[in-house]
Amino acid sequence: KAGVTQTPRYLIKTRGQQVTLSCSPISGHRSVSWYQQTPGQGLQFLFEYFSETQRNKGNFPGRFSGRQFSNSRSEMNVSTLELGDSALYLCASSLGAGETDTQYFGPGTRLTVL
Amino acid sequence: AQKVTQAQTEISVVEKEDVTLDCVYETRDTTYYLFWYKQPPSGELVFLIRRNSFDEQNEISGRYSWNFQKSTSSFNFTITASQVVDSAVYFCALSGTTSGSARQLTFGSGTQLTVLP
């Protein structure tokens, strides 16, 4: 079974631009979660989608948004990029039906904001 | 609020030594789940184990073993006879079952393990 895939793997943007990251979950998984990893803050939860609805949200500004499609694929968007948004963005998928299913992670998208 | 503490920032051992990675957690949930993930230099988080709060039985998988002690809120991870390929950052994580804690992982800061040949 194929794992979680994320595209692109690397991105370079400048301040003020916006960016869209994509995540395809493991086949059969209906929940997709996003995490941000930075050297200073570590791994932080952004949001979780299940059946095209945002079910959970972390403490991030509204510049960070996401959506999920009917095939469970998810996109994450960051608008008006800031230098501090430079990070590894990790997507994780899980079955989604239980209160806490195991999350399986993709390889991440490394975003650099100049 | 939930919290996971991994006090060991970096550990360096020589191949074939045993090494234990510590994890201490805080949660108000009576039911919760604990996880360990491995992050090699490639960046992907690799799932290692999941433990339910109501199951304190220790687990062994090959060279890996986990010691869950609810009384001390600890979930420690031991690698026996370490190998160079074990070099990675290891994260302990916690997920609760109430609003604000369910279906999201709270991670510790990670422990960088270096196994020297």
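Located above this text is the structure these notes cover.
So, here is what we can say about the structure in this document. None of the values given here were measured: they were computed from a predicted structure.

Calculation notes
Residues numbered from 1 in each chain as written. Chains lettered and ligands numbered in written order. Predicted model: local features only at pLDDT ≥ 70, side-chain atom pairs only at ≥ 80, totals over all residues. Heavy atoms only, no water. Helix = DSSP H or I, 4+ residues; strand = E, 2+ residues; numbered from the N terminus. Rg over C-alpha atoms; globule rule 2.2 N^0.38 Å. Buried < 20%, exposed > 50% of the residue type's maximum accessible area, 1.4 Å probe, protein only. Contact = heavy atoms within 4.5 Å. Pairing = 2+ DSSP bridges. Axes fitted to C-alpha atoms, helices over the stretch in contact; angles between N-to-C directions. Salt bridge = Lys/Arg side-chain N within 4 Å of Asp/Glu carboxyl O. Polar contact = N/O pair within 3.5 Å; in protein donor to acceptor, adjacent residues only side chain to side chain.

Quick notes on the overall build of chain A
Then, in step 1: Check the secondary structure of chain A and you find zero helices and 11 strands.
Then, in step 2: In sequence order, chain A lays out its α and β elements as β-β-β-β-β-β-β-β-β-β-β.
Then, in step 3: Taking 2.2 N^0.38 as the reference for a compact globule, 114 residues should give roughly 13 Å; the C-alpha atoms of chain A span a radius of gyration of 13 Å, in line with that estimate.
Then, in step 4: Here chain A holds 114 residues, and the buried ones make up 53% of them.
Then, in step 5: Residue pairs in contact within chain A that sit at least 24 positions apart in sequence constitute 54% of those at least 6 positions apart.

Structural notes on the sheet that holds strand β8 (residues 74–78) of chain A
Residue and element names in this part refer to chain A.
Then, in step 1: One open sheet holds the four strands; their spatial order is β1-β3-β8-β7, and the pairing between them is antiparallel. Looking at which strands have only one partner, the edges of the open sheet turn out to be β1 (5–7) and β7 (64–68). Taking each pair of neighbouring strands and ignoring which way they run, the sheet shows an average axis angle of 20 degrees.
Then, in step 2: The pairing of β7 with β8 spans five bridges and is antiparallel. If you follow glycine 66 over to β8, its bridge partner there is methionine 76.

Points about the pattern of salt bridges
All names here are of chain B.
Then, in step 1: Here the structure, examined in full by the defined rule, presents eight salt bridges over all chains.
Then, in step 2: Between arginine 51 and aspartate 55 there is a salt bridge; the shortest N-O distance is 3.5 Å.
Then, in step 3: Aspartate 86 serves as the salt-bridge partner of arginine 63, at 2.8 Å between the closest nitrogen and oxygen. Here arginine 63, found in the loop between β7 (59–61) and β8 (64–69), pairs with aspartate 86, found in the loop between β9 (74–79) and β10 (88–95); they are 23 residues apart in sequence, far enough to count as distant.
Then, in step 4: When its relative accessible area of 24% is taken as the criterion, arginine 63 is described as partly exposed.

Considering the side chain of A:Ser93
All names here are of chain A.
Then, in step 1: Mapped onto the elements of the fold, serine 93 is located in strand β9 (residues 87–94).
Then, in step 2: Overall, serine 93 belongs to the buried group, its relative accessible area being 0%.
Then, in step 3: A distance of 3.3 Å separates a polar side-chain atom of serine 93 from the backbone nitrogen of isoleucine 26.
Then, in step 4: Of the polar contacts made by the side chain of serine 93, one reaches the side chain of histidine 29; its length is 2.8 Å.
Then, in step 5: In this view, serine 93 contacts Val4, Pro25, Ile26, His29, Ser31, Thr102, Gln103 and Tyr104; residues no more than four positions away in its chain are not counted.

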